[in-house]
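These are the residues of each chain, in order.
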Amino acid sequence: MSQSPTPEGPGSVAGAPNLPAGFAQTFTSRYVDTGHLRLHAVTGGEGPPLLLLAGWPQTWYAWRLLMPALARDFQVVAVDPRGVGLSDKPLDGYDTGTLARDLVALMDALGHHRFAMVGHDVGMWTGYALAADHPDRLERLAVAEAAIPGLSPTPPLFGSQEANDRLWHFAFNRLAGVNEQLVAGREHLYFGHQFATKAAKALPDHAVRHYVDILAADPQALRCSFEFYRALDTTIAQNRQRAARRLSLPVLAIGGAANLGASVGATMRLAADDVETLVLPDCGHYPAEEAPEAMLSALTTFLAPYRTGRTVSG
């Protein structure tokens, strides 16, 4: 496992704005060589391992408000997946089967065989893939604020205005290059619109700037932000196969009342037998930032049997 050089710049702990007090005393940025690519992870804390995976178009920074409290009970690993933040940005491998294998390799490199996971948005897609493809690795899975392509019902092209406003970026993001041309130089317009329209409680300006500046600083980061969607044909085919093998592990499905709400739980019940649904009031698409106290409370309760009922081997 390689931890050198030390991650620097805006995507690292050292360069991230407005972190909670004492954050850098608990958490450090590190590069982890998985054997196939180098991933950036922010790690810290004591206890059984807990993997945090954010969604599009965010980085590990999405978890910053929850991480200090979680670190009191868990070894927290907040990772930038391939294509995101300070992690490597290969040309392909953005289907959820490959993304899940990346995370298994990451946790192997960190010495964690069994772990719990929280995934949001595209991180929920990947969490489902990891639970289905590697059932011996996950003890508990919490997911938030996504439908799962190939598992959830496909919305109609001519749906309601509300559905179109929420989902139009799926079709746009799948385009083969013209989207980069349209967004380059206008990253704050495009991604800023996503954040502004999907949050019930506006994210702080410094957080939105942080996410968007990272995407705008590197053409490869902009390209990779679309690759998760360009790989959807492969991911959908994989999910149709995964649906034949139901999940048995405990699942917590979290939705914001002002966005996906109870549909997150409905999605997971299509794939899993043990699903608890939580709808957070006055919350949109970004529960870890819009309702961090409520989400932390829910995760603490859900993860308590994992924290207290096992011997940590990793």
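Here is what the cut-offs are and how they apply
Residues numbered from 1 in each chain as written. Predicted model: local features only at pLDDT ≥ 70, side-chain atom pairs only at ≥ 80, totals over all residues. Heavy atoms only, no water. Phe/Tyr/Trp six-rings, centres within 6.5 Å; stacked < 30°, edge-to-face > 60°. Lys NZ or Arg CZ within 6 Å of the ring centre and 35° of its normal. Salt bridge = Lys/Arg side-chain N within 4 Å of Asp/Glu carboxyl O. Helix = DSSP H or I, 4+ residues; strand = E, 2+ residues; numbered from the N terminus. Buried < 20%, exposed > 50% of the residue type's maximum accessible area, 1.4 Å probe, protein only. Pairing = 2+ DSSP bridges. Axes fitted to C-alpha atoms, helices over the stretch in contact; angles between N-to-C directions. Contact = heavy atoms within 4.5 Å. Expected span 1.5 Å × (residues − 1).

**Q** Mind laying out the packing of aromatic side chains, listing which residues take part and the relevant values?
**A** Counted according to the given criterion, the structure contains 20 aromatic pairs. A connected cluster of aromatic rings, assembled from ring pairs, spans Trp-56, Trp-125, Trp-168, Phe-170, Phe-172, Tyr-190, Phe-191, Phe-226 and Tyr-229. Between Arg-38 and the ring centre of Tyr-31, over which it is positioned, the NZ or CZ distance is 3.6 Å. Stacked on the ring of Phe-302, the Lys or Arg Arg-140 has its end atom at 4.9 Å from the ring centre.

**Q** Break down the pattern of salt bridges for me, with residues and values.
**A** Enumeration according to the criterion identifies 13 salt bridges in this entry. Among the ionic pairs, Arg-242 bridges to Asp-133, the shortest N-O distance being 2.8 Å. Here Arg-242, found in helix α10 (residues 232–242), pairs with Asp-133, found in helix α4 (residues 122–133); they are 109 residues apart in sequence, far enough to count as distant. Residue Arg-242 is classed as buried on the basis of its relative accessible area of 2%. Notably, a salt bridge pairs Asp-233 with Arg-174, separated by 2.5 Å at the nearest N-O pair. Within this pair, whereas Asp-233 is found in helix α10, its partner Arg-174 is found in the loop between α5 (161–173) and α6 (178–183), the two being separated by 59 residues in sequence. By relative accessible area, which is 57% here, Asp-233 ends up exposed. In the salt-bridge network here, residues are joined through shared partners; they are Glu-180, Arg-223, Glu-227 and Arg-230.

**Q** Outline the sheet that holds strand β3 (residues 49–53), supporting the account with residue identities and numerical values.
**A** Hydrogen bonds along the backbone pair up the strands of a sheet, which may run parallel or antiparallel. Here 8 strands make up an open sheet; going across it, the order is β1-β2-β4-β3-β5-β6-β7-β8 and the pairing mixed. Each edge of the sheet is formed by a strand with only one pairing partner; in this case those strands are β1 (28–33) and β8 (275–280). Each strand of the sheet is rotated relative to its neighbour by a mean of 20°, with strand direction disregarded. Lying over the sheet, helix α3 (residues 96–109) contacts β1, β2 (38–44), β3, β4 (75–80) and β5 (115–120), oriented at roughly 145° with respect to β3. Contacts from helix α13 (residues 292–308) reach β3, β5, β6 (138–144), β7 (251–256) and β8 within the one sheet, and its direction differs from that of β6 by about 165°.

**Q** Tell me about helix α9 (residues 219–230), residues and numbers included.
**A** A turn of α-helix holds 3.6 residues, and therefore any two residues three or four places apart point the same way. Across its 12 residues, α9 extends 16 Å between first and last C-alpha, which sits within 8% of the 16 Å expected from 1.5 Å per residue. In terms of burial, α9 is largely enclosed, as 9 of its 12 residues are buried. For α9, the full list of buried residues reads Ala-221, Leu-222, Arg-223, Cys-224, Ser-225, Phe-226, Glu-227, Phe-228 and Tyr-229.

**Q** Please set out the environment of Ala-184 residue by residue, giving values where relevant.
**A** Examined against the element boundaries, Ala-184 turns out to sit in the loop between α6 and α7 (187–198). Spatially, the C-alpha atoms of Ala-184 and Phe-74 are 39 Å apart, while their sequence positions differ by 110 residues.

**Q** Can you break down unusual backbone geometry residue by residue, with the values?
**A** A cis amide bond links Trp-56 with the next residue in sequence, Pro-57, at an omega value of -5°. Position of Pro-57 among the secondary structure elements: in the loop between β3 and α2 (67–70). With phi around 60°, Asp-121 is a residue other than glycine that occupies positive phi space. Looking at where Asp-121 falls in the secondary structure, it is placed in the loop between β5 and α4.

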